[in-house]
Amino acid sequence: MSQDARDVANWVTASGDNRGLPFIVVDKVSARLFVFDGQSRILGTAPALLGLGRGDDTVPGIGQRKLATIRPAERTTPAGRFEAALGHDLEQDILWVNYGAALSLHRVIVGKPADRRHARLASVTPLDNRISYGCINVPAHFYDNVVAPAFKGTVGIVYILPETKPITAVFAMHRSFESSVVVHATPSPVMPSPPQALEH
């Protein structure tokens, strides 16, 4: 876990910002995410595929645009704090991170063969993990065994760390928290009619 990811997890724990709900910390720089239960015990970690475009903001109206109109630089995974819930797009069950922007976390898809998404997830470097339209892709077994059970029957919080902004410009935190993350290995609300998630 990077220092930034640890700082955010400790801040969430110390401040109670998650309100006792499960939460996920997404570290874009290291292309890795961490899933915690409501008591800040870590349930698992996995590599992630993220938006091709570097940046911490969502392009206004991107959730209503056709994929063919979205330029590479607009394919960002936005930083911030999001209330998330399990739901569906037109093809599969997913974790909606920002419903209005069609931003979700889901199992890695095949996509175009040239994208090599499964190989990118399996590589040891985060440098090739930027390929999606903004959505967060994780290994299918991790989604099924960690993400989905953690968020089943409840909402939760997803904290996506910035890569271009200071972390304190995104989260109302400071860095003076003592370590409070508990490492403990362990094995949906109704949504409106779903759009197609950006990730295709």
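Going along each chain's sequence as written, the residues are numbered from 1 onward. Whole-chain, interface and lining totals are the exception, using all residues; otherwise, since this is a predicted model, local features are given only for residues with pLDDT of at least 70 and side-chain atom pairs are given and counted only at 80 or more. To get the side-chain values, all heavy atoms of the structure are used, and hydrogens and water are removed first.

Turning our attention to the side chain of T77. Here T77 is to be found in the loop between strand 4 (50-51) and strand 5 (80-88). Identification of polar contacts relies on pairs of N or O atoms within 3.5 Å, with a donor-acceptor requirement for protein atoms, meaning one able to donate a hydrogen and the other able to accept it, and with residues adjacent in sequence counted only if both atoms are side-chain atoms. At 2.8 Å, the side chain of T77 and the backbone nitrogen of G51 are in polar contact. Within the structure, the side chain of T77 is placed 2.7 Å from the backbone oxygen of G134, a separation counted as a polar contact. Apart from residues lying up to four places away in sequence, T77 is in contact with K28, L50, G51, G55, G134, C135, I136 and I160. Runs of E in the DSSP output that reach at least two residues are strands. Runs of H or I that reach at least four are helices, and both are numbered from the N terminus. The criterion used for residue contact is that any of the two residues' heavy atoms lie within 4.5 Å.

Before going further, it helps to spend a moment on helix 3 (residues 140-151). Between the first and last C-alpha of helix 3 there are 16 Å, a value that for twelve residues agrees with the 16 Å anticipated at 1.5 Å per step. Of the positions making up helix 3, those classed as buried are F142, Y143, V146, V147, A148, A150 and F151. Each helix should span, by expectation, one fewer than its residue count multiplied by 1.5 Å. Per-residue accessibility, obtained with a 1.4 Å probe over protein chains only, is compared with the maximum for each type, and a residue is labelled buried under 20%, exposed over 50%, and partly exposed between these values.

Our next topic: the packing of aromatic side chains. Each Phe, Tyr or Trp ring (for Trp, its six-membered ring) is paired with any other whose centre lies within 6.5 Å, and the angle between the two planes then decides the class: stacked below 30 degrees, edge-to-face above 60, tilted in between. Throughout the structure, instances matching the rule amount to six aromatic pairs. Centre to centre, the rings of W11 and Y159 are 5.9 Å apart; their planes meet at 80°, and the pair counts as edge-to-face. Separated by 148 residues along the polypeptide, W11 in helix 1 (residues 3-15) and Y159 in strand 10 (residues 156-160) bring together distant segments of the chain. Of the two residues, W11 and Y159, neither departs from the other in class, the shared state being buried. Centre to centre, the rings of W11 and F171 are 5.8 Å apart; their planes meet at 40°, and the pair counts as tilted. Of the two residues, W11 is situated in helix 1 and F171 in the loop between helix 4 (167-170) and strand 11 (182-183); the sequence distance between them amounts to 160 residues. Comparing W11 with F171 shows no difference in burial state: the two are buried.

The side chains of a regular strand alternate, residue by residue, between the two faces of the sheet. Two strands pair if DSSP finds at least two bridges between them. Where strand 5 and strand 10 come together, five bridges link them in antiparallel fashion. Its bridge partner being in strand 10, A84 is matched across the sheet by G156. Relative to strand 6 (residues 93-98), strand 5 runs antiparallel, the two being bridged by four bridges. Of the residues in strand 6, the one forming a bridge with G87 is I94. Linking strand 5 back to strand 6 in an antiparallel pair, the connection comprises four residues.

Across three bridges, the pairing between strand 6 and strand 7 (residues 103-107) is antiparallel. When the bridges of strand 7 are listed, N98 appears paired with L103.

Moving on, we come to the environment of R81. Along the polypeptide, R81 turns up in strand 5. The sequence separation of R81 and V97 amounts to 16 residues, and the corresponding C-alpha distance is 9.2 Å. In contact with R81, other than residues within four places in its own chain, are D17, R19, I157, V158, Y159 and F171. Looking at R81, its side chain comes within polar contact range of the side chain of D17, at 2.7 Å.

Take the nonpolar core next. Soluble globular proteins tend to pack their nonpolar side chains together in the buried interior. Nonpolar cores are built from buried Ala, Val, Leu, Ile, Met, Phe, Trp, Tyr and Cys residues. Side-chain atoms within 4.5 Å join them into one set. Ranked by size, the top nonpolar core spans 27 residues in total, and within it I24, L33, V35, L95, L105 and I136 carry the most contacts. For this core, the leading source of residues is helix 3, giving seven residues. With near-sequence residues (within four places) excluded, V35 lies in contact with F23, I24, R41, I42, L43, G44, F142, V146, V147 and A150. By size, the runner-up hydrophobic cluster in this structure holds 17 residues, among which are A5, V8, F34 and M173.

Everything listed is a geometric property; what it means functionally is a separate question.
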